[in-house]
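Summary of structural features
Chain by chain, the residues:
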Amino acid sequence: MSKPRTVHGAINRGWFPVKVTLALKNKHSVSHLGLCIWADRNNKFQYVTALELNTSVFVFENATDAFWFKSRWQCDN
């Protein structure tokens with residue numbers, strides 16, 4: 001199966017969403033691009049991302065990757 005093109009397509013396939021709000025990005029002094037770079041270097045499986053109203057939305061194919069991302073950036077969702 002190919003990689004979904006959108007965040008919503010990935011969610012519909014059962015992937016695992018994580019949102020990073022502007023407040024969290026400011027707290028950690030990181031941009032959306034910085035989060036993408038971290039995800040590229042630390043994930044074993046695919047992910048899809050989008051920037052929606054200053055909130056970075058990441059959807060991970062693997063639950064373990066989503067967990068590590070949440071843990072690193074202290075996301076609530």
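For the structure, check the block above.
Description of the structure in this document. All values derive from a computational prediction rather than experimental measurement. (Residues numbered from 1 in each chain as written. Predicted model: local features only at pLDDT ≥ 70, side-chain atom pairs only at ≥ 80, totals over all residues. Heavy atoms only, no water.)

Let's talk about helix α3 (residues 32-42)
Among all positions of α3, only H32, L35, C36, W38 and A39 are buried. On an axial view of α3, the arc spanned by its buried residues comes to 165 degrees, and they lie on one face. Exposed and oriented more than 90 degrees from the buried face of α3 are L33, D40 and R41. Buried residues in α3 make contact with β1 (16-20), α2 (22-28), β2 (47-52), β3 (55-60) and α4 (63-73). (Buried < 20%, exposed > 50% of the residue type's maximum accessible area, 1.4 Å probe, protein only. Helix = DSSP H or I, 4+ residues; strand = E, 2+ residues; numbered from the N terminus. Arc of directions from axis to C-beta. Contact = heavy atoms within 4.5 Å.)

Comments concerning the nonpolar core
One finds L35, F58, F60, F69 and W73 to be the most contacted residues of the largest nonpolar core, which totals 15 residues. Of all the elements, α3 adds the most residues to this core, at four residues. Ignoring any residue separated from it by four or fewer positions in sequence, one finds W73 in contact with L24, H28, V30, L35 and W38. Counting residues in hydrophobic clusters, the runner-up holds six residues, among them V7, A10, W15 and V57. (Core = buried A, V, L, I, M, F, W, Y, C linked by side-chain atoms within 4.5 Å.)

Examining the pairing of β2
As paired strands, β2 and β3 are joined by six bridges and run antiparallel to one another. Its bridge partner being in β3, E52 is matched across the sheet by T55. What sits between β2 and β3 in their antiparallel hairpin is a turn of two residues, with L53 showing a positive phi close to 50 degrees. (Pairing = 2+ DSSP bridges.)

Some details on the side chain of S56
Residue position: S56 is located in strand β3. At a separation of 3.1 Å, a polar atom in the side chain of S56 contacts the side chain of K25. At 2.8 Å, the side chain of S56 and the side chain of H32 are in polar contact. When neighbours within four sequence positions are excluded, S56 is seen to be in contact with V18, K19, V20, K25, H32, L35, A50 and L51. (Polar contact = N/O pair within 3.5 Å; in protein donor to acceptor, adjacent residues only side chain to side chain.)

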